[in-house]
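Chain by chain, the residues:
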Amino acid sequence: LSAEASVHAADWAHLKTQREALPAVNFMGSMGALRYRHDSRWQNNYSLGIGVSWTLFNGFDTQYKALAEYANTKSQKFALHQQQLQVLRDVWTEFHTFQSSIQLFNSAKALEAAANESFEAIRIGYDAGLNSLLDLLSAQKTLSEARLKRIRSQAELAIHWVQLAYVSGRLDPNDNLNF
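These numbers were taken from a predicted model, which means no experiment stands behind them. (Residues numbered from 1 in each chain as written. Predicted model: local features only at pLDDT ≥ 70, side-chain atom pairs only at ≥ 80, totals over all residues. Heavy atoms only, no water.)

## Here we look at the packing of helix H2 (residues 61-128) against helix H3 (residues 133-168)
With their axes 7 Å apart at the nearest point, H2 and H3 run at an angle of 160 degrees to one another. Looking at the two axes, H2 sits roughly antiparallel to H3. Note on packing geometry: the crossing formed by H2 with H3 is left-handed. (Axes fitted to C-alpha atoms, helices over the stretch in contact; angles between N-to-C directions. Helix = DSSP H or I, 4+ residues; strand = E, 2+ residues; numbered from the N terminus. Parallel < 35°, antiparallel > 145°, perpendicular 65-115°, else oblique. Left-handed = near helix turned anticlockwise from the far one by under 90°.)

Here is the structure:
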């Protein structure tokens, strides 16, 4: 928004320098209370004037100012365009990162569910005497690693959601993150 305001200010400054090259019209009016006696009557004098002033030559100062303001306006517009493209790139980058983190979270939840089922199957097998203690501990380790992956992916999902909300300008402190 500040870049847009700078562009508008540069446009107005350029317009001002262009108008300085135009002729100036001056209006003057006066009313006098000069009274004198002429043929035994009093007379009042009034005057009105219109003037036009136009600078014929000032060493091309006005033209140089107009060109400088034009260049400033163009550079401000270019900077604004660059900032708009940067914001657009940031939003799309964060959007795709957020979409990827959703997929990672879903796969981590599926991995945790599969590891949980595997652990339950090995625990039942251990209770029945079909699996060893090493198999049970290995399944328990796999389950804890799957839970850790789900928790990390959930944290990454929340972080990318907040980053997307921030770059898109839709950050609301009242939103609940229920992932």
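More follows now that the structure is in view.
## A look at the nonpolar core
If you look at the biggest cluster of nonpolar residues, it comprises seven residues: Ala115, Phe119, Ile122, Leu136, Ala139, Leu143 and Ala146. When contributions to this core are tallied by element, the ones reaching two or more residues are H2 and H3. Broken down by element, this core gets its largest block of residues, four residues, from H3. Not counting residues within four places of it along the chain, the set of residues in contact with alanine 115 comprises Thr142, Leu143 and Ala146. (Core = buried A, V, L, I, M, F, W, Y, C linked by side-chain atoms within 4.5 Å. Buried < 20%, exposed > 50% of the residue type's maximum accessible area, 1.4 Å probe, protein only. Contact = heavy atoms within 4.5 Å.)

## Digging into the side chain of threonine 73
Take threonine 73: it is sitting in helix H2. For threonine 73, the side chain forms a polar contact with the main-chain oxygen of alanine 10, separated by 3.0 Å. Once you skip the residues sitting within four places of it in the chain, threonine 73 turns out to touch Ala10, Asp11 and His14. (Polar contact = N/O pair within 3.5 Å; in protein donor to acceptor, adjacent residues only side chain to side chain.)

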